[in-house]
Amino acid sequence: MNEDKKLRVFSGVQPSGNLHLGNYLGAISQWVNMQEKYNCIFCVVDYHAITVKQDPEILRKKIIEIAKIYLASGIDLENSIIFQQSDIKEHTELAWILNTVARISDLNKMTQFKDKADGNQENVSVGLYDYPVLMAADIILYNTDVVPVGEDQLQHVELARDLAKRFNHNFDKVLRVPKAEIRKEGARIMGLDDPTKKMSKSATSELNYIALTDDPDKAAKKIMKASTDSDMEVKYDKEKKPGISNLLTIYSLLAGKEIKELEKEYSGKGYGDFKKGLAEVVKKFLIDFQEKYNAISDDEVKKLLKSGAEKIQPIAEDTILRVKKVIGVK
Ligand code: AMP
Ligand code: TRP
């Protein structure tokens, strides 16, 4: 297909905390499947990570780690571009301009900020509050059509959509209006230790998540310890049996089997056998994944991030110029 006719996909992950199965199943694995059909850009969003305190040495390592995770997951540089957000200064430039279009009332609606600030709103950074506007700039800068994310980011993508529309209305129709794409299954993988809350990289207990860099045997043990529901039937019922339903979703997505098929396979067998089966699947997935991850060198990653930024720089410059012209600073 002609490159120019393909729709553009843009998404990103923050280089903070440990990337886990929720990030992989909710976001990155979906990106991999979009590469043929779309013109894809995947970003390591480092300026988002610094909205909460980071250790500079660890941040530097995490940036490389995220890019390696993209590659090990199957992001293919023939079809997609990977780059580091802070290499393209137009992100912050456009964020500033969009700040003048965004309203306090827009940001006050963002549930993730409320969760993250957790009653401590006076002490968290202005950056954390304003982060959805930077995210809108990330998306809009590249004339993005589709933004594949997990469910928790839907509200932020909708803000990007609203800001693009409002900007076009206030000035001139120069911005592409993006939309989110959320997968049907896996958009919200729940914590292994508490299936009523989403799997999270900032969870206090390591039993909450399986990190993509976890030792495969240790990960298998986490599955065996995962919280399940009181009866013993392997059956999907999100409301009444959130624990087993979450494990069924993970199993189904990693093994490429329908949930119905798994229910049949484990009917009459109980949770113990089911967990053993899933533990094997998770272990095998991590062994394969980590083999690919470990084969990529830091130098290789640094080079490809640099060349990714060089490739997309002209798109960012072009958007900023259009924006500057219609607002009257150029
Ligand atoms: P973050 O870890 O917040 O940078 O998220 C990176 C991507 O993973 C975003 O698209 C999130 O929506 C997605 N994500 C994070 N946690 C989960 C989860 N528990 N289930 C599914 N997707 C998730
Ligand atoms: N805010 C997103 C998250 O925490 C990461 C992100 C930043 C992003 N900019 C983006 C995702 C642009 C999609 C598109 O998960």
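Residues numbered from 1 in each chain as written. Chains lettered and ligands numbered in written order. Predicted model: local features only at pLDDT ≥ 70, side-chain atom pairs only at ≥ 80, totals over all residues. Heavy atoms only, no water.

A.B. asks: Explanation requested: helix H10 (residues 242-255) in the structure shown.
C.D. replies: Given 3.6 residues to a turn, an α-helix orients residues that are three or four positions apart in the same direction. The end-to-end C-alpha separation of H10 is 20 Å, in line with the 20 Å expected for 14 residues at 1.5 Å each. Counting buried residues along H10, 11 of its 14 residues qualify, which places the element largely inside the surrounding structure. Within H10, the full set of buried residues consists of Gly243, Ile244, Ser245, Asn246, Leu247, Leu248, Thr249, Ile250, Tyr251, Ser252 and Leu254. Residues of H10 that are buried sit in contact with helix H1 (21-34), helix H11 (259-265) and helix H12 (270-294). Within two residues after H10, glycine 256 carries a phi angle of roughly 65 degrees, on the positive side. (Helix = DSSP H or I, 4+ residues; strand = E, 2+ residues; numbered from the N terminus. Expected span 1.5 Å × (residues − 1). Buried < 20%, exposed > 50% of the residue type's maximum accessible area, 1.4 Å probe, protein only. Contact = heavy atoms within 4.5 Å.)

A.B. asks: For this particular structure, what's the right way to read the domain arrangement of the protein?
C.D. replies: Along its sequence, the protein is carved into domain 1 (3-182 + 298-327) and domain 2 (206-293). Counting residues at the interface gives 11 residues for domain 1, matched by 12 residues for domain 2. Here domain 1 packs against domain 2, burying approximately 1200 Å² in sum over the two surfaces, 77% of which is carbon and sulfur. Where domain 1 touches domain 2, the interface holds 0 salt bridges. Taken together, the connections running from domain 1 to domain 2 amount to 3 residue pairs in polar contact (both at pLDDT 80 or more). Per-element accounting of the side of domain 1 that touches domain 2 gives the leading share, 5 residues, to helix H3 (residues 56-73). Considered class by class, the residues forming the side of domain 1 that touches domain 2 number 6 nonpolar, 3 polar and 2 charged. (Domains from an automatic or database assignment. Buried area = accessible area lost by both parts, 1.4 Å probe. Salt bridge = Lys/Arg side-chain N within 4 Å of Asp/Glu carboxyl O. Polar contact = N/O pair within 3.5 Å; in protein donor to acceptor, adjacent residues only side chain to side chain. Nonpolar A, V, L, I, M, F, W, Y, C, P; charged D, E, K, R; others polar.)

A.B. asks: Explanation requested: the state of the cysteines in the structure shown.
C.D. replies: As used here, a disulfide is simply a covalent bond connecting the sulfur atoms of two cysteines. Evaluation of the coordinates by the stated rule reveals 0 disulfides. No disulfide involves cysteine 40; its sulfur sits 14 Å from that of cysteine 43, the nearest cysteine. Here cysteine 40 falls in the buried class, since its relative accessible area comes to 1%. Residue cysteine 43 is classed as buried on the basis of its relative accessible area, which comes to 0%. (Disulfide = S-S within 2.5 Å.)

A.B. asks: Where do I start with the packing of H3 against H12 in this structure?
C.D. replies: How two helices sit against one another is set out by the angle between their axes and by the gap between those axes. In contact at an axis separation of 9 Å, H3 and H12 are set at 120 degrees when each is read in the N-to-C sense. By the angle class used here, H3 and H12 are oblique. Our pair here, H3 against H12, has a crossing hand that is right-handed. Contact with H3, carried on its side by Glu65, Lys68, Ile69, Ala72 and Ser73, involves Phe289, Lys292 and Tyr293 of H12 and no other residues of that element. Looking at the contact of H3 with H12 residue by residue, the classes come out as 4 nonpolar, 1 polar and 3 charged. (Axes fitted to C-alpha atoms, helices over the stretch in contact; angles between N-to-C directions. Parallel < 35°, antiparallel > 145°, perpendicular 65-115°, else oblique. Left-handed = near helix turned anticlockwise from the far one by under 90°.)

A.B. asks: I keep staring at unusual backbone geometry and nothing clicks. Help me out?
C.D. replies: Even without being a glycine, asparagine 143 presents a positive backbone phi close to 55 degrees. Along the polypeptide, asparagine 143 turns up in the loop between helix H7 (126-141) and strand S4 (146-148). According to the relative accessible area criterion, asparagine 143 is buried, its value standing at 15%.

A.B. asks: Would you explain the site of ligand 2 in this entry?
C.D. replies: Around ligand 2 lies a shell of 13 residues, among which Gln14, Tyr131, Met135, Asp138 and Gln153 are the nearest. One of the side-chain nitrogen or oxygen atoms of tyrosine 131 is found 2.6 Å away from a nitrogen atom of ligand 2. Compared with its free state, where it exposes 360 Å², ligand 2 has 91% of that area covered by protein. Among the secondary structure elements, those contributing two or more residues to the shell around ligand 2 are strand S1 (8-13) and H7. Here the shell around ligand 2 gets 4 residues from one element, more than from any other, and that element is H7. Of the residues contributing to the shell around ligand 2, the split by class is 7 nonpolar, 5 polar and 1 charged. (Near = heavy atom within 4 Å. Areas by Shrake-Rupley, 256 points an atom, 1.4 Å probe, with all protein chains shown as cover.)

A.B. asks: I tried to follow the site of ligand 1 on my own but got confused; where do I start?
C.D. replies: In the vicinity of ligand 1 there are 18 residues, among which Asn23, Gly150, Asp152, Ile189 and Lys201 approach most closely. Interatomic distance of 2.8 Å between a backbone N/O atom of isoleucine 189 and a nitrogen atom of ligand 1. Across the complex, the protein chains shield 94% of the 480 Å² of accessible surface that ligand 1 would expose by itself. For the shell around ligand 1, a count of residues per class yields 6 nonpolar, 8 polar and 4 charged.

A.B. asks: Just checking my understanding: could you explain helix H13 (residues 298-327) for this structure?
C.D. replies: With 30 residues, H13 extends 41 Å from end C-alpha to end C-alpha; this agrees with the ideal 44 Å at 1.5 Å per step. Along H13, the sharpest change in direction is near 40 degrees and occurs at isoleucine 312; proline proline 314 comes one to four residues later. Among all positions of H13, only Val301, Leu304, Leu305, Gly308, Ala309, Ile312, Ala316, Thr319, Ile320, Val323 and Lys324 are buried. Lining the buried residues of H13 we find strand S2 (39-44), H3, strand S3 (80-84), helix H4 (90-99), H7 and helix H8 (154-170). Immediately beyond the C-terminal end of H13, within one or two residues, lies glycine 328, with a positive phi of roughly 95 degrees. (Bend = angle between axes of the 7 residues up to and from the residue.)

A.B. asks: It is not clear to me how the packing of aromatic side chains should be interpreted in this structure. Could you clarify?
C.D. replies: For any pair of aromatic rings, geometry is given as the distance between the ring centres together with the angle between the planes. Under the defined criterion, the tally for this structure stands at 14 aromatic pairs. Judged by centre distance (4.8 Å) and plane angle (40 degrees), the rings of phenylalanine 167 and phenylalanine 171 are tilted. Among the residues examined, phenylalanine 167 registers a relative accessible area of 1% and is labelled buried. Ring pairing ties together the aromatic residues Tyr24, Phe285, Phe289 and Tyr293, which thus form one cluster. A cation over a ring is seen here: lysine 68 above tyrosine 293, with NZ or CZ 5.6 Å from the ring centre. (Phe/Tyr/Trp six-rings, centres within 6.5 Å; stacked < 30°, edge-to-face > 60°. Lys NZ or Arg CZ within 6 Å of the ring centre and 35° of its normal.)

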